[in-house]
Amino acid sequence: MALATLFLIFAGGMVTSTGSGLAVPDWPLSYGMLFPPMVGGIFYEHGHRMIAGVVGLLIGGLAIWLLRSEPRRWVRRLGVAAALAVIVQALLGGLTVLLLLPDAVSISHAALAQIVFCLTVTIAVATSSGWRAAGETDETNAVDRTARTGDGILPTADLASTARWAAMTTGLIYLQILLGAVMRHTGAGLAIPDFPLSYGRIVPASLVGGIGIHFAHRVGALVVTLVVVLLALRVWRRHRQDGWLIRPVAALLALLAIQIALGAMTIWTVKAPVPTSLHVACGAAALAMSLIVTLRMYRRGSVGVLSAAQLDARVGTFVERAAPQAARNFSI
Amino acid sequence: MRRVRLFLPLGLFVLLSGCGGSSKSPATDDSATGSRGKSPNATAVPLTVVDPATAGSIAGLITFEGTPPAEKLIDMKGDPACGRAHRDRMYTETAVVHGGKVQWAFVRISAGLEGKTFGVPAEPVVMDQSGCLYSPHLVGAVIGQVFRVLNSDETLHNVHAVCSANKAFNMAMPLKGMKQEKQFSAEEMVHLKCDVHPWMSAWVGVCENPYYAVSGADGGYTIRNVPPGSYTLEAWHETFGRQTMPITVDPSGAATADFTFKAAS
């Protein structure tokens, strides 16, 4: 499900990158049809709609499945939230077409896409065998991790602190993606035509209009890189024997490196559609990986001092607090 | 309730975002000068009568100095119906220069006619979509005049007008033989494009008065039936930019105004 949503984000990126956002002027039908000829820009725009339809149905099915079979209330709520979010996302997609791609609606569409993706990722993590195993370990062994510092696993309080750092990283990556969406939909993607310098300088002489937006995205990339590297160092120093934590951090570092390379390629290829859309998708993947690190940190940080039910409640509380906060960030 | 709080800001955000463009309605007054269309002004302003006996003309040549940018080869592989419509290679028309003569420049009287009101031509301005190209590439239209778009192709098009002073639109034209009509309400150069076929690009020069012309393949243009007076003449080209010059049209006179665009240094 999460991978399908990521592919949908890539397809959405291709719509914008090929300038096909208005290739189909009507909505919800396409030229009054369910299946118009898939020529030119229609291939990207209608293709995006078809993929979105499939993902929407899958998320709806997932929500129903969770409501019927998932014992944890917060996971059931996540399923419902994902289903509602994907409906709003579809409406935003239709609105942006009917209103001729106003920046605010297009940016909202891009921002909510990331939230839908994060919801599917959180559901995937919470229903994974690794997540359950962490809880089962706690219940069966009742081991307090504060007593296991000799294994290289630090006390729970330290894990909680790292989890907060990971949560901040996730928030920063989301803000950076929002900044990218603003840059993309206001046509500032090539406002600075060179890379890594900006008009041959570290800081461009002028920051007016699109240059300011574009440069802010580059500064944001630097900040995110710094924060991710610090997170990785922290996890490496304190939790390197815990593969369940270190693996997603390593993946996050790899995604970050790929993302920077794709950003450079976007400039050097003058926004060729494929690298530009991969940059969008890779950004979403990095956000998801950071979210996975965060969720696992919270999960691991609680194991040993809380029962499995309490663990779920704690993570559920985190998710329920984070969702409205994300919505507030998104609406600014 | 928590869900409501989550999505309420989003809904308000979307509703308040709005869409640019003017919502001014086209003119509604009847013409009194032989033009059977609508007047560009909403109030009942007497139309200016142009005496054919004293009216003059403005003619000239649009030229280019230096090496013009090369036109790009159009790749129509994305839609086989477009490719079938052409035997020859097709190129974009963003900088058409033949022997230094510039085609597709838009020349108009941009100042000097203030306070005068002219009727809106009754006949529509027509632009066709043929062979997945706009034909012609550039037309002029008076505010309130009917702008008619045709689809002569076996494939579908969308007609997307990029405007700032006018209300933008995006029309679906999925069938061969379809016809859509629009009217513009403010002066500007309106860019038309088809997002299905990204090479398709055309312009509509929307004017308050009927004194405009489009340069031909020989770079020449002529504006006829101009009332005597002193004006500012403007030449606009989508790639080369905009130039103006003062000009005086004597009674029954033939004024000449040549414009020269230069390659960017």
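On a predicted model such as this, the values are computed, not experimentally measured, just so you know. Along each chain, residue indices are assigned from 1 in the same order as the chain's sequence is written. Ligands are numbered from 1 and chains lettered from A, in the order in which they are written. Residues qualify for local features only when their pLDDT is at least 70, as the model is predicted, and side-chain atom pairs are given and counted only at 80 or more; totals for whole chains, interfaces and linings, by contrast, use all residues. Computation of side-chain values: all heavy atoms of the structure, hydrogens and water removed.

Concerning the overall build of chain A
By definition, any uninterrupted DSSP run of H or I lasting at least four residues is a helix, any uninterrupted run of E lasting at least two residues is a strand, and each is numbered from the N terminus. Along the backbone of chain A there are ten helices and zero strands. Residues classed as buried in chain A amount to 52% of the 332 residues present. Pairs at least 24 residues apart make up 72% of the contacts formed inside chain A by residues separated by at least 6 positions. Accessible areas in this description were obtained via Shrake-Rupley with a 1.4 Å probe; residue shielding takes into account the shown protein chains only. About 14300 Å² of surface is accessible on chain A, with carbon and sulfur atoms providing 70% of the total. Only protein chains enter the accessibility calculation, which uses a 1.4 Å probe; a residue whose area is less than 20% of its type maximum is buried, one above 50% is exposed, and one in between is partly exposed. Contacts were defined at the residue level, with two residues in contact if any of their heavy atoms lie within 4.5 Å.

Side note on the domain arrangement of chain A
Residue and element names in this part refer to chain A. Segmentation of chain A into domains returns domain 1 (1-127) and domain 2 (147-307). Counting from both sides, the interface comprises 20 residues of domain 1 and, opposite them, 22 residues of domain 2. Taken together, the two surfaces of domain 1 and domain 2 that pack against each other cover about 1900 Å², and 78% of this comes from carbon and sulfur. What counts as buried area is the accessible surface, traced by a 1.4 Å probe, that two parts surrender upon association, with contributions from both included. For domain 1, the biggest contributors to the area lost against domain 2 are Phe-10, Ile-107 and Gln-114; these three give 26% of the whole. As annotated, the domain borders come from an automatic or database domain assignment.

Details of a nonpolar patch on the surface
On the surface, Leu29(A), Leu34(A), Phe35(A), Met38(A), Phe43(A) and Met50(A) cluster together into a nonpolar patch covering about 610 Å² of accessible area. Assessed through its relative accessible area of 37%, Leu29(A) is described here as partly exposed. For patch building, the residue pool is restricted to those with more than 30% relative accessible area and no salt bridge; the joining distance is 9 Å between like charges and 5 Å between nonpolar side chains (Val, Leu, Ile, Met, Phe, Trp, Tyr). We count a salt bridge whenever a side-chain nitrogen from Lys or Arg sits within 4 Å of a carboxyl oxygen from Asp or Glu.

Thoughts on the state of the cysteines
Disulfide: a pair of cysteine sulfur atoms within 2.5 Å of each other. Scanning the entire structure with this criterion turns up one disulfide over all chains. Here Cys82(B) engages in a disulfide with Cys132(B); their sulfurs sit 1.9 Å apart. Residues Cys82(B) and Cys132(B) are joined by a disulfide whose S-S torsion is about -70 degrees; by sign, that bridge is left-handed. Of the two residues, Cys82(B) is situated in helix α2 (residues 80-84) and Cys132(B) in the loop between β7 (125-130) and β8 (133-135); the sequence distance between them amounts to 50 residues. Exposure class is identical for Cys82(B) and Cys132(B). Each is buried. Take Cys282(A): it sits in no disulfide, and the sulfur closest to it among the cysteines is that of Cys118(A), at 14 Å. Among the residues examined, Cys282(A) registers a relative accessible area of 8% and is labelled buried.

Describing the packing of aromatic side chains
The aromatic pairing rule takes the rings of Phe, Tyr and Trp, using the six-membered ring of Trp, and pairs them if the centres are within 6.5 Å, calling planes under 30 degrees apart stacked, those over 60 edge-to-face and the rest tilted. Summed over the entire model, instances satisfying the criterion amount to eleven aromatic pairs over all chains. Centre to centre, the rings of Phe240(B) and Phe261(B) are 6.0 Å apart; their planes meet at 40 degrees, and the pair counts as tilted. On the criterion of sequence distance, the pair formed by Phe240(B) in the loop between β18 (229-237) and β19 (241-249) and Phe261(B) in strand β21 (residues 259-262) is long-range, its members being 21 residues apart. Here Phe240(B) and Phe261(B) have matching classes, each one buried. Against the face of Trp236(A) rests Arg240(A), its NZ or CZ located 5.7 Å from the ring centre. Both a distance and an angle decide whether a charge sits over a ring: NZ of Lys or CZ of Arg must be within 6 Å of the ring centre and within 35 degrees of the ring normal.

What about the sheet that holds strand β14 (residues 188-193) of chain B?
Residue and element names in this part refer to chain B. The strand order across the open sheet built from five strands is β9-β15-β14-β11-β12, with neighbouring strands paired in mixed fashion. Edge positions in the sheet fall to β9 (138-142) and β12 (169-173), since each has one partner strand and no second. Each strand axis lies, on average, 20 degrees off the axis of its neighbour in the sheet, ignoring direction. We call two strands paired when DSSP finds no fewer than two bridges between them. By the bridge criterion, six bridges tie β14 to strand β15 (residues 201-207) in an arrangement that is antiparallel. Counterpart to Leu-192 in the pairing with β15 is Ala-202. For every element, the axis is a line fit to its C-alpha atoms; helices are fit only across the contacting stretch, and the angle between N-to-C directions ranges from 0 to 180 degrees.

As for the sheet that holds strand β6 (residues 106-111) of chain B
Two orientations exist for strands paired in a sheet by backbone hydrogen bonds: parallel and antiparallel. Residues and elements named next belong to chain B. As summarised here, the arrangement of the four strands in space is β16-β6-β18-β19, forming an open sheet in which the pairing is antiparallel. Each edge of the open sheet carries a strand with a single partner, namely β16 (212-214) and β19. Averaged over all adjacent pairs, the angle separating strand axes in this sheet is 25 degrees, with direction ignored. In this sheet, β19 lies alongside β18 in antiparallel orientation, the contact comprising nine bridges. In the sheet register, Trp-236 faces β19, and the bridge partner there is Arg-242.

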